[in-house]
Amino acid sequence: MCLELNDFKRLGRGQGHGPLSLPCNRNNAANRRLTARGLRLVAAGLLAGPALALPGCADVQPWQRGHLAKPQMQLEPLPVQRTVREHTYVSREATMGGGGASGGGCGCN
Amino acid sequence: MRQRPLVRAIRDAIALLRRKRRRRSALAVAAQASPALKALTAAAMALPGLGPAPSHAAPGDLGTFSYGHYTESARDLYGIKSAYKPIQVDSLFGSAHVTLADRWKLDFNFTQDTWGGATPMATAPLAWGGNQYGQTLTGATPYLALTSAYVDADLNPYGPYSSGTLNAIRKDTRLAHTLSTASPETRQQGDLHVTREWDDFALTAGAGASIENDYHSYFGDLGGRWDLNRKLTSLTLGLSYTNDSTYAQLDPGAFSYFSIDAYKNQIKNIPDPNSANVRHILEGTRQDWGTRLGLSQILTKDAFIETGLGFRRSTGYLGNPYKTVEFAFVDPSQTPDTTSLPGVSLYAATTGAVMEKRPEERNQWTWDMRYVQYVEPLDAALHLGYRFYSDDWGIDSHTFDVDWGQPLGGGWTVTPHFRYYSQSEADFYQPYFIYRQAAPLDPVSGKVNANRLPVDAYSSDQRLSGYGAVSGGVTVAKAIGKAITLEAAFEYYSHAGNLKLGGGGEPSYADFGYYQWNAGLKVDLSAPSLFDTGGDEHAHHHHHGGHGGHGGAPAGVMFGHMLHEAGQVMVGYRYMYNLQRGNMLHGSDKASDGQIVANGCGNIQCREASQDMSMHMHMLDLMYAPTDWLNLMLMPQFVSMEMTLRTLDGAPPPSGQHNHTRPTHTTGGVGDIGMYALVKLLDQPGHHVHAGIGISAPTGSVKEKMHGNDLIHYGMQLGSGTWDFKPSLTYLGDAGDWNWGAQLSGTKRLEDKNEVGFTFGDIFQSTAWGGYALTDWLNATVRGVYTLQGSIHGEYNQPHSETGPMDFPNSYGGHYWDVGFGLNANVSSGPFEGNNFAVEWLQPVEDHVNGYQQERRGALSATWSVAF
C-alpha cells in the first residue's frame with residue numbers, strides 16, 4: 001500500500017490555512033508573498049517526495065534488506081556527529097533545525 | 001510456495017532474536033550464527049522495530065562519551081588587534097541507549113559546553129570610528145560611541161574626521177564590527193526519552209532542560225512511527241514544545257553607550273551589593289511549538305528515501321540581549337560643509353546605538369529530504385540531503401549535504417562529508433541603519449530614543465544577514481573488538497557573504513570561519529555477555545574478578561581495583577560533585593565577616609567571600625591489563641566549577657578596577673589527564689595488595705580569566721598547571737559476605753611553580769572501609785577518610801582578582817575528616833549484565849582549614865564500568 005498523492009495535496013493545503021491567517025507584525029503584503037512562495041515550494045517538495053518514492057513501491061522482501069541493515073546505510077549513521085554539528089549550525093545560522101523536536105539553549109552569544 | 005521455508009526461517013530468526021534479546025545483542029547472534037542465519041538475521045534486522053533500519057529503529061544498547069572543541073577564527077578588524085580572543089567552546093557529550101524491558105527503550109543524553117571569547121556586538125562604518133579605528137588596540141570595553149559621522153548626499157560614509165577639518169577625509173564604505181566578550185560560561189543540557197515499540201508502531205515521549213546562567217530552556221516532545229506496506233514505508237509524526245526564559249545581564253562596560261528604551265519594561269535594575277554599580281538584567285520568555293511529519297520509503301534493496309515537512313512557531317522575546325544596532329540620522333535641514341573633494345559636500349549624521357529588536361513571533365517551515373544509496377562494489381553508502389527553509393522574517397535557506405560512509409576493513413570506517421548552506425537576509429536586518437531625518441533624541445539622556453525610530457524591528461546580527469557557508473570534514477571510526485568503537489571527527493566551516501546563492505551577500509567584514517573536532521568512544525553495553533560463553537564459572541570469574549573479587553572499593557576510591565587477566569580492557573566513567581556552602585571557617589572555627597575583612601586578604605581588606613561553590617568532574621576511566629600483574633590506566637577528565645560571591649558585612653567600598661558586576665563566576669573545560677600503572681604485590685585468597693604509580697599531566701588550563709583580563713580565583717582553575725606525581729597503595733580483603741579495604745594515596749607537585757607563578761599544595765590521603773554483601777550483586781560500604789593538603793606556594797604573576805580569601809594562597813589547604821556511605825552493584829544478569837555501578841556520599845565530619853575558607857557540605861561520587 002503506497003500513500004496517495006491526494007493525501008499530500010490535502011496535507012499541503014491544510015498547512016496553508018493556519019500560517020496564512022496568522023497576524024503579522026508589519027509589512028503584511030510582503031509577508032504574505034513570502035509565505036505564499038514558501039508554501040508553494042513546500043507543496044512542491046511534498047509532491048516531489050512521494051513522486052520519487054513511488055517507484056519504490058516495487059517489493060523489497062525482508063530477506064533482501066541486508067544492505068539496508070548495514071551501519072553505514074542508517075538514516076543517522078553517526079548520531080554523535082550529527083548532534084555536535086547541528087548544535088553548531090543552529091547557533092551560527094538563522095535556520096532553526098529541521099522542525100523536529102529539540103531543545104533551546106545555545107551556549108553562545 | 002518455494003518461499004515457505006524462507007518465511008519460516010525468517011520467523012525463526014525473529015523468534016530467536018526476541019528470545020536472545022535480553023542477554024545478547026542481535027549483532028552477537030549474527031556473529032555466532034551460521035552464514036545462512038547471518039543473512040536472515042541481517043534481513044530481519046531491517047524490519048523496523050527489530051534492529052537498525054532506515055525507519056529510525058533503535059540499534060543495540062549503547063553508551064557514548066565524547067569530548068569536543070570549537071575555535072572560531074578572528075574577525076577582520078582592518079589591522080586592529082582585538083584585546084579579545086575569538087570564541088572557543090569545550091564540550092562534553094554522553095549518552096546511553098538501553099533496553100528497559102522487552103520493547104521498552106530509554107534514551108538519555110547529556111551535554112555540557114563551556115564557552116568564552118569575543119563576538120560582534122555592533123557594526124558601523126569604519127570611517128566613523130567604528131571599533132575605535134585609528135587606534136591600535138580595541139580595549140576591554142566595547143566601543144559603541146562613534147567619533148564622527150559624515151555622509152555625502154547619497155548617504156555614503158566619509159572619514160576619518162580629523163581635528164575639525166573636513167579636508168583630509170574621503171569616501172570609505174567599509175564596515176567594522178565592535179566586539180564584546182564575556183567571562184566563561186557553562187551550559188548543561190540533559191534529556192530523557194522513553195520509547196515503546198509494537199509490531200508496526202512506536203511511540204516516544206521525552207523531556208529535557210538546558211541551563212545556563214542567562215538562559216533556561218525546558219522542552220518536551222512526543223513522537224510516533226507507523227510502519228506500513230510490510231515495513232517498506234514508515235510514517236513519523238513529531239510534536240515538540242519549548243519554553244525558554246532569558247535572564248541576561250547587559251554588558252556593564254557598554255551599558256552607558258546604548259539605548260534600552262524599547263525594553264524598559266523588561267529590564268530590572270538591581271543594585272550591586274559589591275559596588276556602586278547597578279546590574280541591568282533583561283528578562284524575557286519565549287515559547288516554541290514544532291511539528292514534523294516524515295515519510296521514509298525503501299525504494300530498492302539498495303536505496304531508501306526519507307522526507308519530511310516541519311513547522312515551528314516561536315513567540316515571545318526572540319532577540320539577542322547582547323546585540324546592539326547603530327542608527328544614524330542626517331538632518332536634511334542642515335547646511336552641508338564643502339570639502340576639497342570636487343563636487344562633494346558633507347552632512348553630519350547623529351548616531352546612537354540601540355538594543356536590537358526583533359518581531360515577537362516567527363513562523364518557520366522546513367522541507368527536508370535524504371536519499372541513501374548503497375554502492376555495492378565499494379561496500380559504501382552515499383547520503384544525499386537537501387533542506388529548504390522559509391520563515392516570515394523573510395529568510396529562505398537552502399542546505400545541501402553529502403556524506404560517503406566507507407568501511408575499510410579491520411574495523412575502520414571513514415566518512416567524509418561536505419555541506420553547503422545559503423540564506424537570504426531577514427527583512428529587518430541591516431549592518432547599520434541610516435535615515436534622512438532629524439534624530440529622535442531623548443531630551444534627558446541625549447541618546448537616540450528607541451521608541452521613536454522609523455522602524456519597529458531591527459537587527460545587525462550577522463546570523464540574520466545574507467550569506468553562504470561551505471563546510472567539510474571527515475569522521476574516522478575504529479571498532480576494537482565487538483564492544484568498543486573509537487570515533488574522531490574534524491570539520492572546517494567558512495561563512496562568507498560572497499558564497500550566498502545568487503550573490504548579494506554581506507560584504508567581507510562579516511566573514512569568519514571555525515573548526516571543530518571531537519573524539520570519543522561508543523560502548524556496546526550488551527557486549528560483555530559475549531565473553532560468557534565459557535559457562536557459569538567463567539561468567540562468575542568475569543564479574544567478580546573484573547571488579548576486585550572483594551565486593552568492590554567504594555565509588556570515591558580511585559585506583560581501588562585491578563583487572564586480573566592479561567588482555568582485559570575496562571571502560572569506565574566517573575562523576576564527582578562537591579559542594580561548599582555555609583559558614584566561613586578559620587581553622588575549625590566559624591569566622592565572622594569582620595575577621596575576614598580585617599585578616600583574610602593579606603595587607604588589604606577583603607570585600608567578598610564565597611556564598612557557595614560547586615564542582616562537577618567527569619572522568620573517563622580506561623584500563624588495560626598487558627599482563628596479569630600490571631594494569632595501565634588513562635584518565636582524561638573534564639571539570640566545571642561555579643562560585644557565587646557575597647559581600648562581607650563591613651566590607652570597604654570597592655576600589656575601582658575589581659568591581660564585580662557578575663557575582664557568579666564559572667569555569668569549565670578539560671582538566672589534567674592522569675596516566676597510571678597499577679602493580680599487583682600480593683594476591684592470596686581473601687587478601688590483595690596493589691601499588692599505583694603515575695603522573696598527572698598539566699592539560700587543564702590555569703589561565704582562566706574573569707570578565708576583563710584578571711585571572712580568576714586559584715581554586716577555579718581547571719588544572720594544577722604542574723606535572724604531579726600520584727602514588728597509591730591499596731589493600732583489599734574479604735571473608736564470606738564481609739569485605740574491607742584501606743588505601744594510602746598522595747599527590748606530589750613535581751615543579752616549583754606553574755606558568756602563572758604558583759603550585760597547589762601537596763596532598764596526602766588515607767582511608768579505610770568495611771563492606772557487607774547485601775545480595776550477591778549489591779554491596780554496601782562505610783568508610784572513613786583523612787585528607788591533608790598544603791597551602792598554595794607562590795602566587796599569580798599576572799593581574800588577578802584580589803577581593804576575598806579565595807584570591808590568596810594561604811587560604812588554601814587544610815586537613816579534613818569525612819565519613820562515606822556507598823553502594824556497589826555488580827550486575828550479573830539482565831540488560832546491564834557485566835556492568836558495575838557504584839555511588840558514594842562523603843559527609844564531612846571535621847574541617848580544619850588554612851586561612852579563611854568555606855565549610856564543605858559533602859561530595860558525591862558515581863562510577864560505572866564494564867570490563868571485556
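Data block above holds the structure.
Being a predicted model, the structure only gives us computed values, none of them experimental. Each chain has its residues counted from 1, running along the sequence as written. Lettering for chains starts from A, numbering for ligands starts from 1, and both go in the order in which the items are written. In view of the model being predicted, local features appear only for residues whose pLDDT reaches at least 70, and side-chain atom pairs are presented and counted only at 80 or more, with totals across whole chains, interfaces and linings using the full set of residues. Note: side-chain values were computed over all heavy atoms of the structure, leaving out hydrogens and water.

J.: How would you summarise the packing of aromatic side chains if you had to cite specific residues and measurements?
T.: Residue and element names in this part refer to chain B. Between rings of Phe, Tyr and Trp, where Trp is taken as its six-membered ring, a pair exists when centres lie within 6.5 Å; planes separated by under 30 degrees are stacked, by over 60 edge-to-face, and by other angles tilted. In total, this model carries 31 aromatic pairs over all chains according to the counting rule given. Considering the side-chain rings of phenylalanine 65 and tyrosine 573, the 5.8 Å spacing of their centres and the 55° angle between planes classify their relative orientation as tilted. In this pair, phenylalanine 65 sits in strand β1 (residues 62-72) while tyrosine 573 sits in strand β28 (residues 569-587), placing the two residues 508 residues apart along the sequence. Note on tyrosine 67 and tryptophan 517: the rings are 5.5 Å apart at their centroids and 65° apart in plane angle, and the pair reads as edge-to-face. Residue tyrosine 67 is found in strand β1, and its partner tryptophan 517 is found in strand β27 (residues 512-524); the two are separated by 450 residues along the sequence. Partly exposed describes any residue whose relative accessible area lies between the buried limit of under 20% and the exposed limit of over 50%, with all areas from a 1.4 Å probe on protein chains only and scaled to the type maximum. On the accessibility criterion, tyrosine 67 (17% relative accessible area) is buried. Put simply, the rings of Phe327, Phe329, Phe433, Tyr435 and Tyr458 pair up and form one aromatic cluster. The ring centre of phenylalanine 512 lies 4.2 Å from the NZ or CZ of arginine 75, which sits over that ring. The residue whose ring lies beneath arginine 362 is tryptophan 393, and the NZ or CZ to ring-centre distance is 4.2 Å. Where helices and strands are cited, they refer to DSSP runs of H or I of at least four residues and of E of at least two residues respectively, numbered from the N terminus. Whether a charge sits over a ring comes down to the Lys NZ or Arg CZ being within 6 Å of the ring centre and within 35 degrees of the ring normal.

J.: With reference to specific residues and values, describe helix α3 (residues 79-92) of chain A.
T.: With 14 residues, α3 of chain A ought to run about 20 Å at 1.5 Å a step, and its terminal C-alpha atoms sit 20 Å apart, in line with that. Along α3 of chain A, the residues classified as buried are Val80, Gln81, Arg85, Thr88, Tyr89, Ser91 and Arg92 of chain A. Each residue after the first adds 1.5 Å to the expected span of a helix.

J.: Before we move on, can you summarise the pattern of salt bridges with the specific residues and values?
T.: Think of it this way: side chains of opposite charge can pair up when their charged atoms draw near. Residue and element names in this part refer to chain B. By convention in these notes, a salt bridge is any Lys or Arg side-chain nitrogen within 4 Å of a carboxyl oxygen on Asp or Glu. Tallied over the entire structure, the rule returns 36 salt bridges over all chains. The salt bridge partner of lysine 264 is aspartate 261, with a shortest N-O separation of 3.7 Å. Of the charged contacts, one joins aspartate 461 and arginine 358 as a salt bridge, the two residues approaching to 2.9 Å between their closest N and O atoms. A residue pair is termed long-range when its members are at least 10 positions apart, and aspartate 461 in the loop between β24 (433-435) and β25 (467-480) and arginine 358 in the loop between β19 (345-355) and β20 (361-375) qualify at 103 residues. You'll find aspartate 461 and arginine 358 in the same group, each marked buried. Here the salt bridges do not stand alone but share partners, grouping Lys105, Glu197, Asp200, Arg225, Asp227 and Lys231 into one network.

J.: I'd love a proper account of the side chain of aspartate 244 of chain B, names of residues and values included.
T.: Looking at where aspartate 244 of chain B falls in the secondary structure, it is placed in strand β12 (residues 233-249). Polar contacts, as used here, are pairs of N or O atoms within 3.5 Å; protein pairs need one atom able to donate a hydrogen and one able to accept it. Residues neighboring in sequence count only if both atoms are side-chain atoms. One polar contact links aspartate 244 of chain B to serine 217 of chain B, side chain to side chain, over a distance of 2.6 Å.

J.: Pulling in residues and values, what's your account of the environment of threonine 747 of chain B?
T.: All names here are of chain B. Of note, threonine 747 is situated in strand β38 (residues 738-749). Residues threonine 747 and phenylalanine 559, 188 residues apart in the sequence, show an inter-C-alpha distance of 13 Å. Those residues within four positions of threonine 747 in sequence are excluded, and the remaining contacts are Asp724, Phe725, Lys726, Asp762 and Ile763. Here, two residues are considered to be in contact whenever any of their heavy atoms come within 4.5 Å of each other.

J.: Break down the nonpolar core for me, with residues and values.
T.: The nonpolar side chains of a soluble globular protein tend to be buried with one another. Residue and element names in this part refer to chain B. By convention a nonpolar core is built from buried Ala, Val, Leu, Ile, Met, Phe, Trp, Tyr and Cys residues, the set being connected through side-chain atoms within 4.5 Å. Within the largest apolar cluster, 35 residues are counted, with the highest numbers of intra-cluster contacts made by Phe559, Met633, Met635, Met641, Tyr714 and Phe758. Going through the elements one at a time, β28, β30 (608-627), β31 (630-635), β32 (637-647) and β34 (673-684) are the ones with two or more residues in this core. For this core, the leading source of residues is β30, giving six residues. Excluding anything up to four places from it in sequence, phenylalanine 559 contacts Met633, Met635, Tyr676, Leu678, His690, Ser728, Thr730 and Gln743. Counting residues in hydrophobic clusters, the runner-up holds 23 residues, among them Ala127, Leu155, Ile395 and Tyr429.

J.: Hey, could you go over the pairing of strand β22 (residues 396-409) of chain B for me, with residue numbers and the actual values?
T.: All names here are of chain B. The pairing criterion is simple: DSSP has to find at least two bridges between the two strands. Where strand β21 (residues 380-391) lies against β22, ten bridges are found, and the strand directions are antiparallel. Residue pairing across strands places glycine 385 opposite aspartate 401, the latter belonging to β22. In sequence, β21 turns back onto β22 through a hairpin of four residues, with glycine 394 there showing a positive phi of about 95°. For β22 and strand β23 (residues 412-423), the ladder comprises ten bridges, and the chain directions are antiparallel. Bridging across to β23, valine 402 finds its partner in phenylalanine 418.

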